[in-house]
Amino acid sequence: MTGREDEKLARAAVGALTGQLALAPKPGLPDPRDLGARAPLRDHGALRWSAKALAPGLTAMAAAARRTGEPTAQLRAELGAIGRCTEHTVGLAGGGHRGALWTLGFLVAAAALTPGTTAAEVTATARGLAAFPDRGAPRRPSRGSTISARYGAAGARGEARAGFPHVRRALTALAAARAAGASGPEAGLDALLTVMSTLQDTELLHTAGPRGLRHVQAGARGVLEAGGTATAAGRAALLALDADLHARAWSPRGSAGLLAGALFVDALPLTAPRPA
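Reading guide: rules and limits
The numbering scheme is per chain: residues are counted from 1 as the chain's sequence reads. For this predicted model, a pLDDT threshold of at least 70 governs which residues receive local features, and a threshold of 80 or more governs which side-chain atom pairs are given and counted, while totals over whole chains, interfaces and linings are taken from all residues. Note: side-chain values were computed over all heavy atoms of the structure, leaving out hydrogens and water. You can read pLDDT as the predictor saying how much it trusts each residue, on a scale of 0 to 100. Whether two residues are in contact is decided by their heavy atoms: any pair within 4.5 Å suffices. Numbering of helices and strands runs from the N terminus; a helix is a DSSP stretch of H or I covering at least four residues, while a strand is a stretch of E covering at least two. The length a helix should cover is 1.5 Å for every residue beyond the first. Relative accessibility decides the category of a residue: with a 1.4 Å probe and only protein chains considered, values under 20% of the type maximum give buried, values over 50% give exposed, and everything between is partly exposed. Each reported salt bridge corresponds to a side-chain nitrogen of Lys or Arg within 4 Å of a carboxyl oxygen of Asp or Glu.

1. A few points about the confidence of the model for the protein
Step number 1: On average, the protein scores 91 in pLDDT, and the residues at 70 or more come to 94%.
Step number 2: Below a pLDDT of 50 lies the segment residues 36-41, which in the model reaches 4 contacts outside its immediate sequence neighbourhood of four places, other chains included.

Quick look at the structure:
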């Protein structure tokens, strides 16, 4: 792999993030309907702009993985340092995307370590990287880790150390929706709802508590059980869930970042998995 390939991985990751941002309607999440409006949390246009600021950091992560050649504690520490610098850069560009940066950083590094393999091997390599402690991480616990400890949720670290199970579920949902005739955006929304239906989203736990999290999970399952976003009944259920979450100011941000990770892996030139 060359420096040009590192840049290509970073561009693919940013493209996956902006592709996630372009989907609409996303229940409780920023989408193109926010353009020109004063959104209560963060303007959609600003999020698209700040997403571009991830590219240099993600390129550096891919290059670090390529130089190292295997998952090691040293590489994990380097990825953490690059990630914290990238967070600062994104903050100067308008902020947002912390969860997506966490997910995409591991997956970009894993893709650089295992070019042209299967999605399962990419996520397994990411799991190996996440197993190492980040020696340079701040001592002060983050809000996400505090919420994870309080409620016993896996959180972002648990998701990575498990090999991103919700990224894998989203990939399965994407494939199933496309096979059933859904359009690209409909497949993306079905994948998002699949993640929302089971993810223990620490952002939702913080703002809505366990009861609110279960409410959101049930709403996402309701859309899928109605037939998904490609059907009239599923679309109606999606719009009702979207209105409900916006009215409550509940945002499943963790699911959005994981969907971006799935869209990135989905866009990679991977080999087909071997038959079982």
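2. Topic: helix H4 (residues 73-92)
Count 3.6 residues to each turn of an α-helix, and residues three or four apart come out pointing the same way.
Step number 1: An ideal rise of 1.5 Å per residue puts 28 Å on 20 residues; H4 measures up with 29 Å between its terminal C-alpha atoms.
Step number 2: Within the sequence span of H4, burial applies to Leu75, Arg76, Ala77, Leu79, Gly80, Ile82, Gly83, Thr86 and Val90.
Step number 3: Gly94 sits one or two residues past H4 and shows a positive phi near 130°.

3. Here we look at the side chain of Thr194
Step number 1: Position of Thr194 among the secondary structure elements: in helix H10 (residues 184-196).
Step number 2: If sequence neighbours within four positions are ignored, Thr194 has contacts with Arg169, Ala173 and Leu224.

4. Digging into the pattern of salt bridges
Step number 1: Applying the stated criterion across every chain yields a total of 9 salt bridges.
Step number 2: Across the pair Arg178 and Asp266 runs a salt bridge whose closest N-O atoms are separated by 2.9 Å. Here Asp266 lies in helix H13 (residues 253-267) and Arg178 lies in helix H9 (residues 165-179), a separation of 88 residues in the sequence.
Step number 3: The class for Asp266 is partly exposed, based on a relative accessible area of 33%.
Step number 4: For Arg253, the salt bridge identified is with Glu203, shortest N-O distance 3.7 Å. Within this pair, whereas Arg253 is found in helix H13, its partner Glu203 is found in helix H11 (residues 202-225), the two being separated by 50 residues in sequence.

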